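# Observations on the three-dimensional arrangement
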Amino acid sequence: MSQHSIRVGVVGANGYTGIELLRLLVNHPHVDIRQVTSRAEAGQPVSASLPQLAGRLDLAFSAPDAAALAECELVFFTTPNATAMHMTPALLEAGCRVIDLSADFRLHDAAVWSDWYGEAHACPELLGEAVYGLPELNREAVRQARLVANPGCYPTAVSLALLPLLEAAVADPARLIADAKSGVSGAGRKANLGTQFCEAGENFKAYGAAGHRHLPEIVQTLTAAAGSQPVLTFVPHLVPMIRGIHATIYAELNDTTVDLQALYERRYAGEPFVSVEAAGSHPETRMVRGSNHCRLAVHRPDAAYSGASRAVVLAVIDNLVKGAAGQALQNMNLMYGWPETAGLDNQVALIP
Ligand SMILES: NC(=O)C1=CN([C@@H]2O[C@H](COP(=O)(O)OP(=O)(O)OC[C@H]3O[C@@H](n4cnc5c(N)ncnc54)[C@H](OP(=O)(O)O)[C@@H]3O)[C@@H](O)[C@H]2O)C=CC1
Ligand SMILES: CC(=O)N[C@@H](CCC(=O)OP(=O)(O)O)C(=O)O
């Protein structure tokens, strides 16, 4: 371990994003993991339930305790929504920095948050301070942040796919469609009838078509990019795979002369974790499995036949990595001035 290590805690470390975060953190050169919490497994060695970590993380799970966590310099929350907001004020007060992987600090407006999450926000005064941790949009603000709201998995894929079109004002912000599919780990590890093998396997379904809580989050991000509030139809689907998100975006171009390939390549030039694939590509979820990459491809399918002005953008991420734990690590690297890729390179599975 490096002498420049920071003391880190993970609240909710035996859930899917928590486990994924531990996988990445044990390989990070500047991290000393001090606290990993699970109420269900408190007192049990981490290696009892995660033997892959034996010899890498010799700690026991503990029950979440604000005083113990306050000894950490950085605390990650990988907990259900409406959990982190109850502990974060005390941790910030104690001088910790916080990266929350849940949705508690993603929306700027407490009333909108309450509408979608069904209860009053416990610390609305922090919503203005929290930095939305999409590095490709907010890199400089993340560096200075003491509270980072890590984006949701669908919002990461959809926002990265749409930002170039809206920032350059070449698409109509009032006619956007995001048709997105997620693997089942996106729903978390907790028991849930709809994610059981016999329910989710050999099956394919849409859900949340009447309104999903990621819609206001995506709209908030795109509003900043477009300069006005876009109208987005967002429909998520559950596919019978474990990891991965595939988003297909449909946008009406208001400038049909624009070279979309060049636009996307320019927007993401130098980004360590966003790749714009060659023209005509169809990125697949297995290409990003276990990695922090978002792979994008942009198409104009109708142009040759009808001159229609529709762009189709394809985006794939691993929901647990770029959609959660990997992006959180990327944000940590920015907050502490380390190379943005520390602990995140060489994570691409070539054979799924
Ligand atoms: N899964 C995904 O792909 C993504 C998830 N997210 C978000 O990340 C967060 C975690 O998701 P995920 O890992 O999938 O969820 P899981 O259900 O897999 O894990 C939740 C974890 O939180 C702990 N926990 C539950 N309730 C509390 C509580 N009241 N206080 C403290 N700890 C608690 C659980 O352990 P125990 O009960 O033992 O304490 C468990 O470790 C959620 O907010 C989710 O929306 C964000 C992006 C992607
Ligand atoms: C497949 C599946 O169920 N996915 C989850 C999204 C996971 C996520 O990112 O949720 P948060 O915004 O709460 O962090 C869902 O649609 O609810």
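Coordinates for the structure precede this section.
What this report covers is the structure whose coordinates are included nearby. All values reported here derive from a predicted model rather than from experimental measurement.

The rules we used
- Just so you know, the residues in each chain are numbered from 1, in the order the chain's sequence is written.
- Whichever chain is written first is A, and whichever ligand is written first is 1; the rest continue in order.
- The predicted origin of the model limits local features to residues at a pLDDT of at least 70 and limits the giving and counting of side-chain atom pairs to 80 or more, whereas totals for whole chains, interfaces and linings rest on all residues.
- For each residue, a C-beta atom is placed from the backbone, and the residue is labelled near a molecule or strand when this atom is within 6 Å of it.
- Amino acid classes used here: Ala, Val, Leu, Ile, Met, Phe, Trp, Tyr, Cys and Pro are nonpolar; Asp, Glu, Lys and Arg are charged; the rest, including Gly, are polar.
- By convention here, the domain bounds are inherited from an automatic or database domain assignment.
- Strand pairing is assigned whenever DSSP detects at least two bridges linking the two strands.
- Numbered from the N terminus, helices here are DSSP runs of H or I no shorter than four residues, and strands are runs of E no shorter than two.
- We call two residues in contact whenever the C-beta atoms placed from their backbones are within 7 Å.
- Where helices are involved, their axes are fitted lines through C-alpha atoms of the stretch in contact, as for all axes, and angles between N-to-C directions lie from 0 to 180°.
- Each helix should span, by expectation, one fewer than its residue count multiplied by 1.5 Å.

## Observations concerning the site of ligand 2
Inspection of the region around ligand 2 gives N81, S102, A103, G152, C153, S182, G186, A187, H214, P236 and L238 as its neighbouring residues. Looking at the shell around ligand 2, its residues break down into 5 nonpolar, 6 polar and no charged. The residue makeup of the shell around ligand 2 includes at least three contributed by each of domain 1 (6-129) and domain 2 (154-319).

## A closer look at the sheet that holds strand β5 (residues 131-132)
Ordered in space as β2-β1-β3-β4-β6-β5, the 6 strands form an open sheet in which the pairing is parallel. Of all strands in the sheet, those with a lone pairing partner are β2 (31-37) and β5, marking the two edges. Summarising the sheet, strand β3 (residues 74-77) and strand β4 (residues 97-100) pair through 4 bridges and their orientation is parallel. The residue bridging V75 from the neighbouring strand is V98, located in β4. Those strands touched by helix α12 (residues 321-335) are β3, β4 and β6 (147-149), and its axis lies near 155° from that of β4.

## Quick notes on unusual backbone geometry
Positive phi values are uncommon outside glycine, yet A169 reaches one of about 55°. Checked against the element boundaries, A169 lands in the loop between α7 (153-167) and β7 (171-182). The phi dihedral of E202 is positive, around 50°, even though this residue is not glycine. For E202, the position within the fold is in the loop between α8 (197-200) and β8 (205-206).

## What about α7?
Taking 1.5 Å of rise per residue, the 15 residues of α7 would be expected to cover 21 Å, and the 21 Å separating its terminal C-alpha atoms lies within 8% of that figure. In the stretch just after α7, A169 is the one whose phi turns positive, near 55°.

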